[in-house]
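# Observations on the three-dimensional arrangement
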Amino acid sequence: MKLLALLSLLALMLAQEVRTASLPETEREPEGDQPHGEGDSYAVLQLGDYVLSLDNYDQVIDLSNYDELIDYREQLPKVKGTSLASPTRTSFTQSTRAPRTPPSNPTMARPTTRGLLVSLTSHGLPTCLICVCLGSSVYCDDADLENIPPLPQTTAYLYARFNRISHIRAGDFKGLTKLKRIDLSSNFISSIDGDALLLLPALQDLILPENKLAVLPVLPTGIEVLDICLNQLQSSGIQPEAFRALEKLQFLYLADNLLDSIPRSLPLSLRSLHLQNNMIETMQRDTFCDAERPKHTRRQLEDIRLDGNPINLNLFPSAYFCLPRLPTGRFT
């Protein structure tokens, strides 16, 4: 507390010094010796010609004369001049341009839905809200769908895997002339209407593994990749000439089904045939090669898999003479 008192006294002494220096010499108070004690070092404060003690500091500085101190603002030179008017701002409302007049018969423009998909799915929502539409691709994976959703006319690639689709109807792909790939893996598809796929001229890849198909659907002639692995497909469910017209078919995957024979009339364009893990026990001599054309070769058909079947391939040596390599399977 004493230290705070000394700091206060120091401030007051400085103020008094400023005041005394500004007064004429005749108005200055005579200086005199002020007695002070010697016991407490804080009892007396020696500042220049002033001696201030804690007992008489209120007599040295009279705060009642604070108003008599010099106002330094009065020493500033007075400048005479006229007030500066603020610059005139041009209001936007005072523009010389003539105001626009509204049309005599205004009409409200309606939002257009051209190019937007407004068809609803089984959830009652637009397809591109349930699925992801990116350019010409529609991704409906794991969307809890029970049917093929309405698709944009520009759809070229459809991915609707891991859903609960059980049936493909005749009109599900109607008008989708640009559709190239359909991937419906891991659904519950057990039936496909006869003309559901037939009117898709651009279709190249049909991917249907892990479903419940027992009958091969009618296919468009431009198909190149057909994957129906892990279904319930039976030989009786495949028409004898089902593959003859598929002149562009290159990859045929029918593994893990219930087939008891190798499909007939396979197209010459075929490169890969997977029939592993079925119930095939025998094959015909002309299954792969034409017996009437001994010099005929099928160089493209390099991948034939018959492993996982009960057939003994060693019993049918004349069935492979036109192939570039032997099928994969059991030879004992």
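Residues numbered from 1 in each chain as written. Predicted model: local features only at pLDDT ≥ 70, side-chain atom pairs only at ≥ 80, totals over all residues. Heavy atoms only, no water.

Under an unreviewed UniProt entry, the chain has the name Opticin and belongs to Neophocaena asiaeorientalis asiaeorientalis. Under the Sequence similarities (unreviewed entry) heading, UniProt states for the chain: "Belongs to the small leucine-rich proteoglycan (SLRP) family. SLRP class III subfamily." Under the UniProt heading Subcellular location (unreviewed entry), the note attached to the chain is "Secreted, Extracellular space, Extracellular matrix". (UniProt positions renumbered as here; feature names shortened; annotations may be inferred.)

Before going further, it helps to spend a moment on the overall build of the chain. A count of helices and strands for the chain gives three helices and 13 strands. Taking all 332 residues of the chain together, 34% fall into the buried category. For the chain, restricting intrachain contacts to residue pairs at least 6 apart in sequence, the fraction spanning at least 24 positions comes to 43%. If you sum the accessible surface of the chain, you get close to 22,200 Å²; carbon and sulfur atoms cover 53% of it. (Helix = DSSP H or I, 4+ residues; strand = E, 2+ residues; numbered from the N terminus. Buried < 20%, exposed > 50% of the residue type's maximum accessible area, 1.4 Å probe, protein only. Contact = heavy atoms within 4.5 Å. Areas by Shrake-Rupley, 256 points an atom, 1.4 Å probe, with all protein chains shown as cover.)

Another point: the nonpolar core. With 57 residues, the main nonpolar core has Phe-173, Phe-243, Met-283 and Phe-288 as its most contacted residues. In contact with Met-283, other than residues within four places in its own chain, are Ile-262, Phe-288, Leu-306, Ile-311, Leu-313, Phe-316, Ala-319 and Tyr-320. (Core = buried A, V, L, I, M, F, W, Y, C linked by side-chain atoms within 4.5 Å.)

Right, let's get into the sheet that holds strand E5 (residues 157–159). With mixed pairing, nine strands are arranged side by side in an open sheet as E3-E4-E5-E7-E9-E10-E11-E12-E13. For this open sheet the edge positions go to strand E3 (132–134) and strand E13 (303–305), each flanked by a neighbour on one side alone. Across the sheet, the mean angle from the axis of one strand to that of its neighbour is 5 degrees, orientation sign disregarded. Sheet analysis places strand E12 (residues 272–274) next to E13, joined by three bridges and oriented parallel. Bridge assignment links His-274 to a residue of E13, and that residue is Arg-305. (Pairing = 2+ DSSP bridges. Axes fitted to C-alpha atoms, helices over the stretch in contact; angles between N-to-C directions.)

With that settled, consider the packing of aromatic side chains. The geometry of an aromatic ring pair is captured by two quantities: the separation of the ring centres and the angle between the planes. Scanning the model with the defined rule gives two aromatic pairs in all. Taken together, a centroid distance of 6.4 Å and an interplanar angle of 35 degrees make the contact between Phe-251 and Tyr-253 tilted. Owing to a relative accessible area of 25%, Phe-251 belongs among the partly exposed residues under this scheme. (Phe/Tyr/Trp six-rings, centres within 6.5 Å; stacked < 30°, edge-to-face > 60°.)

This part takes up the state of the cysteines. Here the structure, examined in full by the defined rule, presents three disulfides. Linked covalently through their sulfurs, Cys-289 and Cys-322 form a disulfide whose S-S length is 1.8 Å. Disulfide Cys-289-Cys-322: torsion about the S-S bond near -85 degrees, hence left-handed. Of this pair, Cys-289 sits in the loop between E12 and E13 while Cys-322 sits in the segment after E13, and the two are 33 residues apart along the sequence. For the pair Cys-289 and Cys-322, one class covers both residues: buried. For the chain, the bonded cysteines connect in the pattern 1-3, 2-4, 5-6 when numbered consecutively along the sequence. (Disulfide = S-S within 2.5 Å.)

For Asp-144, which is not a glycine, the phi torsion comes out positive at approximately 60 degrees. Unlike most non-glycine residues, Ser-265 shows phi in positive territory, near 55 degrees. Among the structural elements, Ser-265 can be located in the loop between strand E11 (251–253) and E12.

We now examine the environment of Lys-295. Within the secondary structure layout, Lys-295 lies in the loop between E12 and E13. Separated by 27 residues in the primary sequence, Lys-295 and Cys-322 place their C-alpha atoms 7.5 Å from one another.

For the coordinates displayed, the defined rule picks out nine salt bridges. Here Arg-164 makes a salt bridge to Glu-146, at a shortest N to O gap of 3.0 Å. Pair noted here: Arg-164 is in the loop between E5 and strand E6 (167–168) and Glu-146 is in the loop between strand E4 (137–139) and E5, with a separation of 18 residues, a long-range link. Using a relative accessible area of 38% as the deciding quantity, one classes Arg-164 as partly exposed. We note a salt bridge from Asp-172 to Arg-169, for which the minimum N-O separation is 3.0 Å. On the basis of relative accessible area, Asp-172 is assigned to the buried category, the value being 10%. Each of Asp-141, Arg-161 and Asp-183 takes part in salt bridges that share partners, so that together they form one network. (Salt bridge = Lys/Arg side-chain N within 4 Å of Asp/Glu carboxyl O.)

What follows concerns the environment of Pro-240. Structurally, the position occupied by Pro-240 is in the loop between strand E10 (225–227) and E11. Spatially, the C-alpha atoms of Pro-240 and Arg-264 are 6.2 Å apart, while their sequence positions differ by 24 residues. If we ignore the near neighbours within four places in the chain, the residues touching Pro-240 are Arg-264 and Ser-265.

A surface patch of nonpolar side chains, about 270 Å² in accessible area, is lined by Leu-7, Leu-10 and Leu-14. Tracing the sequence through the fold places Leu-10 in helix H1 (residues 2–22). When its relative accessible area of 34% is taken as the criterion, Leu-10 is described as partly exposed. (Patch = residues over 30% accessible without salt bridge, like charges linked within 9 Å, V, L, I, M, F, W, Y side chains within 5 Å.)

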